Amino acid sequence: MDVGAVGFGRLLPGLRDRVRSAAFLGLDMEFTGLHSAVPQNNQPSLFDSPAERYLKVRQSVQRFTVTQLGLAIFTKENSNKYVVHSYNFFLFPSTLGVTDVEFTLSASSIQFLSHYGFDFNKFLKDGILYMNEVQEESLSQHLSEGSWRVCSAVGRNVMKKAIDEVTRWIVAAEEGETMTLKDLSGSHMLEVQLVLRQALQNVWTQPLEDGEVVVKKVSLQQRRLLENSSYDYCRKELILTSARGFTNLFQILVEAKKPLVGHNMFMDLCHLHDKFYKPLPESYEEFKRNIHNLFPVLIDTKTVTKSIWRNHRFPRVSTLLEVYEVLCSNNLNPTDPMGPVITLASDCSRYAEKKSPHEAGYDAFLCGSVLLKSAHLLLHRVTKCSDTVEADPSFSQYLTALAEYLNKVNFIRGGASSINFSGEDVPSQHPPPLVVRVRGWPQMNERQIYQELKALCRFDVRRLSENQFILLSNKFKHVRRVLRNYKHHPHLQISVYRHWRHSPRVNCLLQVSGIVALWSLLAFVLGGRPCCSS
């Protein structure tokens, strides 16, 4: 189900009830970009530690925004049946208040979204507002001071048109008469009311559904009575609720503490923190603590399925949809037809009829479905024989089968295999690094070394010294191939990196130690020579 600003408020109470009764939640997000090109060294690398990667991602998250958030609410019914309500929330940064949010578009990401049919009009015109706690505090302060202003140029045009319509109408209108302003977005509905009330003392406003605001001509006495009424939709607390927009649902998710399931969800978690909670902290450890406090149970289906590949002969597939299709086949569990039954609710049934990869609501549904089917597979294999598996396992039993994967979020191409939000990070098991010594090719750099090797295989390259470079790969076959093919190369001498032999620091230390030892020996020899008698 697609949800924009116009219908979001009406759905929020029902969403609160569904989240509270859910077994778990599937999550997916789409962005205006992934990895910022500024600064130049901001691209992910196999050399990155989790803390180093976090700082790179933090810079990217600050530059890009969320276009769409998918939430799939999985509710367990009888006989191992789960009913799913899956939503596409189109989001847009709040334009309410005194700050105008800036964000960047990555050409490749926009092209990617366009290829998969993303509705940019929905994102721009009907995106649900959101803000984090720092932005909300700033807005609250300006509301208290009465220093409200419209930030966006589009908003100012809307305001001008509304004021022109009302001022022309009010000249001939009698007290008690009303007019209706139409086709206003969620943020403009609030801004129009605040600006009109500030500009004209003899009007009152009231919002209706579907982007309409009723304007009524009133006396000054009526105006004062209405301003002190509990029915005023522009009271400060209601303005803040409206300005928070999607953040109201985020707070419901946090309060519910339901298991949150994603696929390669590190970037998603960074955006959740930055956009709806607080700006990302500089400290990686603080970020981990904050996320764990917000969502105590995280499950990354990429982490789970990577383990299944290794331990259960799971077919090697790359995309989330391919993983889902493999798990739905009977090849993995031919003796166990009693897996979980997953049914889409009637208002989300189009996902049952049509595949919609990279649509956030659909991918959120896939995440939750992959989680259930993976957990059932693990539970079935742990018990060794199918007749010991309960016909209707509880979700807590599935969580027990998944215990070793809880809170371990996949770490793509880096110095750890996963980020552990409830403990120490898990180091990667990479092939040994290689060292390249360049001879006869002056002024070589990392890019040139990469270009030389990329036709054969992919390595990340880092300069070690003036004529030496370190190569890192995540595939043993690539290491073996390069060692074999470059064994007799005239300009590149490639060997396995040995810290004691190739580290510049170790070499410097050995050189200094050698010089000190030599001087000590000379001092001993010269100082110990017997004096000649006269």
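Fair warning: this is a prediction, and the values are worked out from it, not measured in the lab.

**Student:** Give a description of the side chain of Asp300 that names residues and reports values.
**Tutor:** Within the secondary structure layout, Asp300 lies in strand E9 (residues 298-300). Comment: no salt bridge for buried Asp300; closest opposite-charge side chain is Lys302, at 8.2 Å. Polar side-chain contacts of Asp300 include one of 2.9 Å to the backbone nitrogen of Lys302. Setting aside anything within four residues of it in sequence, one finds Asp300 in contact with Gly262, His263, Asn264, Met265, Lys408, Val409 and Asn410.

**Student:** Account for the packing of helix H5 (residues 133-145) against helix H9 (residues 236-244), naming residues and giving values.
**Tutor:** The contact between H5 and H9 brings their axes to 11 Å, and the two run at 150°. The angle between H5 and H9 falls in the class roughly antiparallel. The two elements H5 and H9 meet at a crossing, and its hand is right-handed. Seen from H5, the contacting residues are Glu136, Leu139, Ser140, Leu143 and Ser144; seen from H9, they are Lys236, Ile239, Leu240, Ala243 and Arg244.

**Student:** Provide a residue-level description of the pairing of strand E3 (residues 66-77), including the pertinent values.
**Tutor:** With nine of its 12 residues buried, E3 lies for the most part within the structure. Both strand E2 (residues 24-31) and E3 contribute to a ladder of eight bridges, which runs antiparallel. Bridge pairing in E3 links Glu30 to Gln68. With antiparallel pairing between neighbouring strands as the criterion, E3 and strand E4 (residues 81-90) make up a hairpin whose turn holds three residues, including Ser79 at a positive phi of roughly 55°.

**Student:** An account of a positive patch on the surface is requested, with residue identities and associated values reported.
**Tutor:** Side chains of Arg310, Arg316, Lys475 and Lys477 sit close together on the surface and give a patch of like positive charge. The residue Arg316 is located in the loop between helix H13 (301-311) and helix H14 (320-328) in this model. Among the residues examined, Arg316 registers a relative accessible area of 67% and is labelled exposed.

**Student:** Give a detailed account of the side chain of Ser36, specifying residues and quantitative values.
**Tutor:** Mapping Ser36 onto the fold places it in the loop between E2 and helix H2 (50-63). Polar side-chain contacts of Ser36 include one of 3.0 Å to the side chain of Arg63. Apart from the residues lying within four places of it in its own chain, the contact partners of Ser36 are Asn42, Gln43, Ser60, Arg63 and Phe64.

**Student:** How would you explain the pattern of salt bridges if you had to name every residue and give the values?
**Tutor:** Pairs can form between side chains of opposite charge once their charged atoms are near each other. Scanning the model with the defined rule gives 12 salt bridges in all. Glu359 serves as the salt-bridge partner of Arg350, at 2.8 Å between the closest nitrogen and oxygen. Connected via shared salt-bridge partners are Asp2, Arg350 and Glu359.

**Student:** Tell me about the nonpolar core, and name the residues and values.
**Tutor:** Leu69, Phe89, Phe246, Leu249 and Leu272 are the most contacted members of the largest nonpolar core, which totals 49 residues. When near neighbours in sequence (up to four residues on either side) are disregarded, Phe246 contacts Phe8, Leu69, Phe89, Leu91, Ile128, Leu129, Tyr130 and Phe276.

What counts and what doesn't
- Residues numbered from 1 in each chain as written.
- Predicted model: local features only at pLDDT ≥ 70, side-chain atom pairs only at ≥ 80, totals over all residues.
- Heavy atoms only, no water.
- Helix = DSSP H or I, 4+ residues; strand = E, 2+ residues; numbered from the N terminus.
- Buried < 20%, exposed > 50% of the residue type's maximum accessible area, 1.4 Å probe, protein only.
- Lys, Arg positive; Asp, Glu negative; His and termini not counted.
- Salt bridge = Lys/Arg side-chain N within 4 Å of Asp/Glu carboxyl O.
- Polar contact = N/O pair within 3.5 Å; in protein donor to acceptor, adjacent residues only side chain to side chain.
- Contact = heavy atoms within 4.5 Å.
- Axes fitted to C-alpha atoms, helices over the stretch in contact; angles between N-to-C directions.
- Parallel < 35°, antiparallel > 145°, perpendicular 65-115°, else oblique.
- Left-handed = near helix turned anticlockwise from the far one by under 90°.
- Pairing = 2+ DSSP bridges.
- Patch = residues over 30% accessible without salt bridge, like charges linked within 9 Å, V, L, I, M, F, W, Y side chains within 5 Å.
- Areas by Shrake-Rupley, 256 points an atom, 1.4 Å probe, with all protein chains shown as cover.
- Charge placed at Lys NZ, Arg CZ, Asp CG, Glu CD.
- Core = buried A, V, L, I, M, F, W, Y, C linked by side-chain atoms within 4.5 Å.

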